[in-house]
Amino acid sequence: MDWDFIIISSVKIVCAVVALLTMVAYSVLVERKVSAFIQDRVGPNRTAPPLVAAIPVIGPFLVRLGIFQPLADGLKFILKEDFTPSHVRKIYFWLAPAVAMVPAFLTIAVIPFGSTLGKQNMVIADLNVGILYSFGIVSLAVYGIVLAGWASNSKYPFYGGIRSSAQMISYEIAMGMSVVPVFMMVGHLNLSEVIQAQADGGWFVWRSPMTFLSFVIFLIAAFAETNRLPFDMPECETELVGGYHTEYSSMKFALFFLGEYAAMIAVSSLMVVLFFGGWTLPFFGLNQPAESLGMGLLHIAIFLGKMLFFMVVFIWVRWMIPRFRYDQLMDMGWKRFVPLALANIVLTAVWMWWMA
Amino acid sequence: MLVKRAKLSWLERLYFPALLGGLKITWRHFARTLFKKAVTMEYPEQRHQLPAGYRGAPYLVKDPDGNTKCVSCQLCEFVCPPKAIKIIPPGPDGQPPDRANAEKMPREFEINMLRCIFCGFCQEVCPEEAIFLKEDYSLVGLTRGEMIYNKEKLLQLGGTHHGPIKKWEQKLREARAQEAFPVKQG
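Computed from a predicted structure; not experimentally measured. Each chain has its residues counted from 1, running along the sequence as written. A letter from A marks each chain and a number from 1 marks each ligand, given out in the order of writing. Local features in this predicted model are restricted to residues whose pLDDT is 70 or higher, and side-chain atom pairs enter the listing and the counts only when it is 80 or higher, whereas totals over whole chains, interfaces and linings include all residues. Computation of side-chain values: all heavy atoms of the structure, hydrogens and water removed.

### Overview of the overall build of chain A
Note the threshold: By the criteria applied, helices consist of DSSP H or I runs no shorter than four residues and strands consist of E runs no shorter than two, each listed in order from the N terminus. Radius of gyration: over C-alpha atoms. The globule rule applied is 2.2 Å multiplied by the number of residues raised to the 0.38 power. The classification of residues rests on relative accessible area computed with a 1.4 Å probe and restricted to protein chains. Under 20% of the type maximum is buried, over 50% is exposed, and intermediate values are partly exposed. Any two residues whose heavy atoms approach within 4.5 Å at even a single point are treated as in contact. To be clear on the numbers: accessible area is Shrake-Rupley with a 1.4 Å probe, and residue cover counts the displayed protein chains and nothing else. In this tally Asp and Glu are treated as negative and Lys and Arg as positive; neither His nor the chain ends contributes. Taken as the charge location is NZ of Lys, CZ of Arg, CG of Asp or CD of Glu.
For chain A, the count of helices and strands is 16 helices and two strands. Computed over C-alpha atoms, the radius of gyration of chain A comes to 21 Å, within 12% of the 21 Å expected from 2.2 N^0.38 for 356 residues, which places it in the range of a compact globule. Referenced to the eigenvectors of the C-alpha coordinate spread, the extents of chain A come out at roughly 65 × 55 × 50 Å. Going through the 356 residues of chain A one by one, you find that 52% of them count as buried. Residue pairs at least 24 apart in sequence account for 76% of intrachain contacts in chain A once pairs closer than 6 positions are excluded. Just so you have it, chain A exposes about 16300 Å², and 74% of that area is on carbon and sulfur atoms. Across chain A, 22 positive and 21 negative side-chain charges occur, with their mean positions spaced 8 Å apart.

Encoded structure:
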């Protein structure tokens, strides 16, 4: 353990967390804009800080785009009264938002978000058990929601917590099993190795029908894991008021909000790494680790671009599909995706044995 | 009544047709808003085209000579359902009216715009055509006191009314011709 490693890792962590928080803030803006456009509205277009808005041409354009809206939103959350109802279990009530948010942030530790920059690998922790780590951490997210639902000590949050525990645990199984074929083909659990394998042999989405099926199951399970709309049982407004965060206000609510979007980003990144070749592109020699600084930055940009694509998919689907009924959700998880993922594993094993 | 649940085909049970349909609809709306125009009317910059006869806030009007038309009869005050109008008559030794031959005009005329319901009864009941519902629908103020409009403000906002009926000119001519009662010379 030398000082270089500690300093460089700290810098990487700070950069990654800052970037993640910025992306969370702006994905909320994208969500609002996309939803507005799908519903024939204009979305946020008024927030104008005095000096910036006075810049000719660019200023008004940025204001119309709503670029400053996340700042106003954040300020609003900070300035609001942080209200703790008298009937809650205080310690757990305060703990829950943190528990809900932290796992989403921890997941990015193992994600290789670029090749190299200078001599440094663009991954915070190049674990050999990367995928196991990220699944372990992602499954912690359910505790935040369950804890919030239980600590609120009122019926709708409680229903939300119960639903989310059932839903997330069910879909974790499908999600975990869906990626097994990928790792059988790679022969390694390290995410950087997964990207290397895709750089050499093509992205896993297209490589074989089995991995394509893996991707489909993973994508759907990801919606359930992040509580996004076709499966947002834990907070469905029409039935449960606000679900698990009904009793929360101000910054504590904002932490759940951040957690949800950070989880979306984490899952999008996982999807990009596992199925869409991470920071690689199969032309212009972009699938080799970067030699120059510019190439390194380009790789990071490629990764972010792919990730943003999946964020838009997440957001778009929310405004496209109505919510599933709870029994349909469980039915799909246990009776369709779990057997399908299992069959997929067996099929891949047979195919690999046949090819060998 | 029993509603039979439709039996779905295997393709429908895969949800794919529904997904594609949803994508088509959302994309259509998204593209239309992006490349053409949203249905939103961006309010403070764009305003409604108000139809003729629109009932906005009630204001007092002046006649073409610039005189106050209101004669302080208080009919509008009595008819006003939310009691938004308050008129203080001049009293026996109050200020004489602007207009020749008119008996009196209000010392003070207040409309509480927070109470007003824009019903138009005051306009309907006014024998002098002195109060009209104008086209203002967005009234703003920083305090409640600011929203009580006094006579001066109401007259200023109301402007001049150019109506075909000039009741008091006619009356003045008649009175002069008959010399029926002493007429104040305008």
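From this point on, the discussion continues.
### Some remarks on the overall build of chain B
Each helix and strand in chain B was counted, giving six helices and five strands. Each helix (α) and strand (β) of chain B, taken in turn from the N terminus, gives the series α-α-β-α-β-β-α-β-β-α-α. The C-alpha radius of gyration computed for chain B amounts to 29 Å, which surpasses the reference 16 Å derived for 186 residues by more than 25%, pointing to a less compact arrangement than a globule. Oriented by its inertia axes, the alpha-carbon framework of chain B measures out at about 100 × 40 × 35 Å. Buried residues in chain B amount to 34% of all 186 residues. Counting contacts in chain B only where the partners sit at least 6 residues apart, residues at least 24 apart contribute 74% of the total. Roughly 13200 Å² of accessible area belongs to chain B as shown, and the carbon and sulfur atoms make up 57% of that amount. Across chain B, the centroid of the 29 positively charged side chains sits 14 Å from that of the 21 negatively charged ones.

### A word on helix α4 (residues 69–79) of chain A
Residues and elements named next belong to chain A. This is how the line gets drawn: Working note: the arc is built from the helix axis to C-beta atom directions.
Burial in α4 covers these residues: Gln69, Pro70, Asp73 and Phe77. In an axial view of α4, the angular spread of the buried residues amounts to 95°, which keeps them on one side of the axis. Exposed and facing more than 90 degrees away from the buried side of α4 are Leu71, Leu75, Ile78 and Leu79. The inward-facing, buried residues of α4 contact α1 (3–38) and α14 (250–275).

### Observations concerning the pattern of salt bridges
Residues and elements named next belong to chain A. Counted only if it meets this: Salt bridges are counted wherever a side-chain nitrogen of Lys or Arg sits within 4 Å of a carboxyl oxygen of Asp or Glu.
Per the counting criterion, the structure on display carries 12 salt bridges over all chains. Between Asp73 and Arg32 there is a salt bridge, with the nearest N and O atoms lying 3.0 Å from each other. Taken together, the residues span a long stretch of sequence, with Asp73 in helix α4 and Arg32 in helix α1 at a distance of 41 residues. For Arg32, a relative accessible area of 31% puts it in the partly exposed group. The closest approach of N and O atoms between Glu260 and Arg228, which form a salt bridge, is 3.1 Å. Placement of the pair is Glu260 in helix α14 and Arg228 in the loop between α12 (209–225) and α13 (237–240), with a sequence separation of 32 residues. With relative accessibility at 12%, the residue Glu260 sits in the buried group. Accessibility expressed as a relative area gives 0% for Arg228, which makes it buried. Among the charged side chains, a salt-bridge network with shared partners connects Glu31, Arg228, Glu260 and Arg318.

### Describing unusual backbone geometry
Residues and elements named next belong to chain B. The phi dihedral of Ser72 is positive, around 60°, even though this residue is not glycine. Structurally, Ser72 is set in the loop between β1 (58–60) and α3 (75–79). For Ser72, a relative accessible area of 0% puts it in the buried group.

### Topic: the interface of chain A and chain B
What counts here: Buried area is a sum: the accessible area each of two parts loses on coming together, probed at 1.4 Å, counted once for each and added. Polar contacts, as counted here, are pairs of nitrogen or oxygen atoms within 3.5 Å of one another; within protein the pair requires one atom able to donate a hydrogen and one able to accept it, and residues that are adjacent in sequence qualify only if both atoms are side-chain atoms. Each residue gets one label: Ala, Val, Leu, Ile, Met, Phe, Trp, Tyr, Cys and Pro are nonpolar, Asp, Glu, Lys and Arg are charged, and the others, such as Gly, are polar.
In this assembly, 16 residues from chain A lie in contact with 18 residues from chain B. Buried area between chain A and chain B, both sides added, is near 1500 Å², and the carbon and sulfur share of it is 62%. Per-residue buried area on chain A facing chain B is highest for A:Phe37, A:Asp40 and A:Trp316; these three make up 40% of the total on that side. Counting every contact that joins chain A to chain B gives four salt bridges. Close ionic contact of B:Glu42 with A:Arg46 constitutes a salt bridge, the shortest N to O distance being 3.3 Å. For the pair chain A and chain B, the interface holds 10 residue pairs in polar contact (both at pLDDT 80 or more). The greatest single-element share of the side of chain A that touches chain B, amounting to three residues, is contributed by α1(A). Taken together, the residues that form the side of chain A that touches chain B break down as 10 nonpolar, one polar and five charged.

### What about the packing of aromatic side chains?
For any pair of aromatic rings, the description rests on two quantities: the centre-to-centre distance and the angle between the ring planes. Residue and element names in this part refer to chain A. Just so we agree on the cut-off: Any Phe, Tyr or Trp ring, taking Trp's six-membered ring, that has another such ring centre within 6.5 Å forms a pair; planes under 30 degrees apart are called stacked, those over 60 apart edge-to-face, and the others tilted.
Taken as a whole and judged by the stated rule, the model has 27 aromatic pairs over all chains. Ring centres 4.1 Å apart and planes at 10° place the aromatic pair Phe93 and Tyr248 in the stacked group. Of this pair, Phe93 sits in helix α5 (residues 90–107) while Tyr248 sits in the loop between α13 and α14; the two residues are 155 residues apart in sequence, bridging distant segments of the chain. By relative accessible area, Tyr248 is classed as buried at 6%. Taking 6.5 Å as the distance between ring centres and 45° as the angle between the ring planes, the aromatic pair formed by Phe212 and Phe215 counts as tilted. Here Phe212 pairs with Phe215, and both are found in helix α12, just three residues apart, close to one helical turn.

### Focus on a nonpolar patch on the surface
Residue and element names in this part refer to chain A. Threshold: Patch membership requires more than 30% relative accessible area and the absence of a salt bridge. Residues of like charge join within 9 Å; the nonpolar side chains Val, Leu, Ile, Met, Phe, Trp and Tyr join within 5 Å.
A surface patch of nonpolar side chains, amounting to about 600 Å² of accessible area, comprises Ile91, Tyr92, Leu95, Trp150, Phe158 and Ile162. Here the element with the most residues in the nonpolar patch is α5; it accounts for three residues. One can find Tyr92 in helix α5.

### A closer look at the pairing of strand β2 (residues 85–88) of chain B
Every regular strand shows the same layout, with side chains that alternate between the two sheet faces. All names here are of chain B. We apply this condition: For two strands to be treated as a pair, DSSP must find no fewer than two bridges joining them.
Residues of β2 alternate between two faces, with Ile85 and Ile87 buried on one and Lys86 and Ile88 left unburied on the opposite face. Of the pairings in the sheet, the one linking β2 to strand β3 (residues 108–112) comprises four bridges and is antiparallel in character. Paired with Ile87 across the strands is Phe109, a residue of β3.

### Quick look at the confidence of the model for chain A
Here is the rule: A residue's pLDDT is the confidence the predictor assigns to it, expressed on a 0 to 100 scale.
Confidence along chain A averages 85 in pLDDT terms, with 99% of residues attaining 70 or more. When pLDDT is averaged over each element of chain A, helix α16 (residues 326–355) of chain A comes out on top at 89 and α13(A) at the bottom at 72.

### Digging into the pairing of β3(B)
Relative to strand β5 (residues 148–149) of chain B, β3(B) is paired through two bridges, and the arrangement is antiparallel. Following the sheet pairing, B:Asn112 is matched in β5(B) by B:Ile148.

### Notes on the side chain of A:Glu225
Residue and element names in this part refer to chain A. With respect to the secondary-structure elements, Glu225 resides in helix α12. Despite its burial, Glu225 pairs with no opposite charge; the closest candidate is Arg228, at 13 Å N-O. Discounting chain neighbours no more than four positions away, the residues touching Glu225 are Val138, Met168, Tyr171, Glu172 and Met175.

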